[in-house]
Amino acid sequence: MTFEKFHGILPAFYACYDDQGNISEARTKDLCNYLFDKGVQGVYVGGSSGECIYQNLEERKAVLSYVADQLKGKMTLIAHVGAPSTRDSIELAKHAATLGYDALSAIPPIYFKLPESAVYKYWTDIMEATPLDFIIYNIPQTTGYTLTPSMFEKLLANKKVIGVKNSSMPTMDIERFKKVGGDDVIVFNGPDEQFVSGRIMGADAGIGGTYAVMPELFLQANEFVKAGNFNEARLIQSDINDIIIALCSLQGSMYAAIKEVLNRRGVNVGSVRAPLEGITNEDIAPIEDIMKLIDQAIERYCG
Ligand SMILES: CC(=O)N[C@@H]([C@@H](O)[C@H](O)[C@H](O)CO)[C@@H](O)CC(=O)C(=O)O
């Protein structure tokens, strides 16, 4: 099976708010245009980076619509439709299908610790609601549910399942999922801090929350891996990790810091929604330093 359209660098799309904290259509479309100009292969809309967990159904549907208006036919579009109830997830899935998204994806059920049978049924019910391909989302650190290779194998019996976005930290998980599915599945690397190692262990592509603030570096890292230039790949990953660690070291949340960088680059996407914390005055100087780190790394590897 060919998954060419899912290969490459797919930034996780950020929530774009106006100055009052409402979803902004204009800012959402500006972020779409910025990512298109950067040459990324697709976007993952409405996931963790999209702050889905802090948005109501109508807001999430609006974001899916604005992104499709701007990018449909220009790059691969994946809609994250995970929600607290199966009913809401199905509503989002049907909406994404009418907008022409290329695939759906969902985290497992959250809050209650449900048995595997309920997790399986949740994902299967979403899949059955539309004809779209489906990508399982494994992110144990936020959901408390760990996808096992045997559960993945069971899910793969449904032909709508084309792969997994794996955000667990061990790259061995990527290797195991790839082993179960072989060439018939696509495995996405989730943790940006190990994009290179994830790709080497079998990930076909990457979906990540920090890609959009430094797309050039991830596009280049992917090229180094594809060319078998592992030394350069390791070095660019090391610089990327310095940047991610700096982004995570501020008073404001990582997403608030990322958004401030974008705002300063002329792509105003607003701030984050509470309870995520926005940046403080003390964060400004380190954010300026982070921008320099990004620029220096781009100059070093992408010149
Ligand atoms: C918990 C989390 O947000 N993980 C990110 C990572 O890309 C993460 O931002 C990055 O590795 C930095 O820690 C992705 O795996 C998930 C993601 O971006 C999304 O669903 O929007």
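Residues numbered from 1 in each chain as written. Predicted model: local features only at pLDDT ≥ 70, side-chain atom pairs only at ≥ 80, totals over all residues. Heavy atoms only, no water.

- In the nomenclature of an unreviewed UniProt entry, the protein is known as N-acetylneuraminate lyase of Paenibacillus macquariensis.
- UniProt, in the comment section headed Sequence similarities (unreviewed entry), describes the protein in these words: "Belongs to the DapA family." (UniProt positions renumbered as here; feature names shortened; annotations may be inferred.)

1. A few points about empty space enclosed by the protein
Turning to step 1, where the next piece is worked out: On inspection of all chains with the given rule, the structure shows one cavity of 30 Å³ or more.
Turning to step 2, where the next piece is worked out: Taken as a whole, the largest cavity spans an internal volume of roughly 90 Å³.
Turning to step 3, where the next piece is worked out: Per-element accounting of the lining of the largest cavity gives the leading share, three residues, to helix α2 (residues 57-71).
Turning to step 4, where the next piece is worked out: Residues that form the lining of the largest cavity fall into these classes: seven nonpolar, four polar and one charged. (1 Å grid on protein atoms, 1.4 Å probe; cavity = no way out; pocket = protein on both sides within 12 Å on 5 of 7 lines; lining within 4 Å. Points joined across faces, edges and corners; volume = space filled by probe spheres on them. Helix = DSSP H or I, 4+ residues; strand = E, 2+ residues; numbered from the N terminus. Nonpolar A, V, L, I, M, F, W, Y, C, P; charged D, E, K, R; others polar.)

2. Thoughts on helix α12 (residues 281-302)
Turning to step 1, where the next piece is worked out: The terminal C-alpha atoms of α12, which comprises 22 residues, lie 32 Å apart, in line with the 32 Å expected from a rise of 1.5 Å per residue.
Turning to step 2, where the next piece is worked out: Every buried residue belonging to α12 is among Asp283, Ile287, Ile290, Met291, Ile294, Ala297 and Tyr301, and all of these are buried. One face of α12 carries all of its buried residues, which in axial projection span an arc of 130°. α12 presents Glu299 and Arg300 as exposed residues on the side facing more than 90 degrees away from its buried surface.
Turning to step 3, where the next piece is worked out: Packed against the buried residues of α12 are α9 (215-226), α10 (230-247) and α11 (254-264). (Expected span 1.5 Å × (residues − 1). Buried < 20%, exposed > 50% of the residue type's maximum accessible area, 1.4 Å probe, protein only. Arc of directions from axis to C-beta. Contact = heavy atoms within 4.5 Å.)

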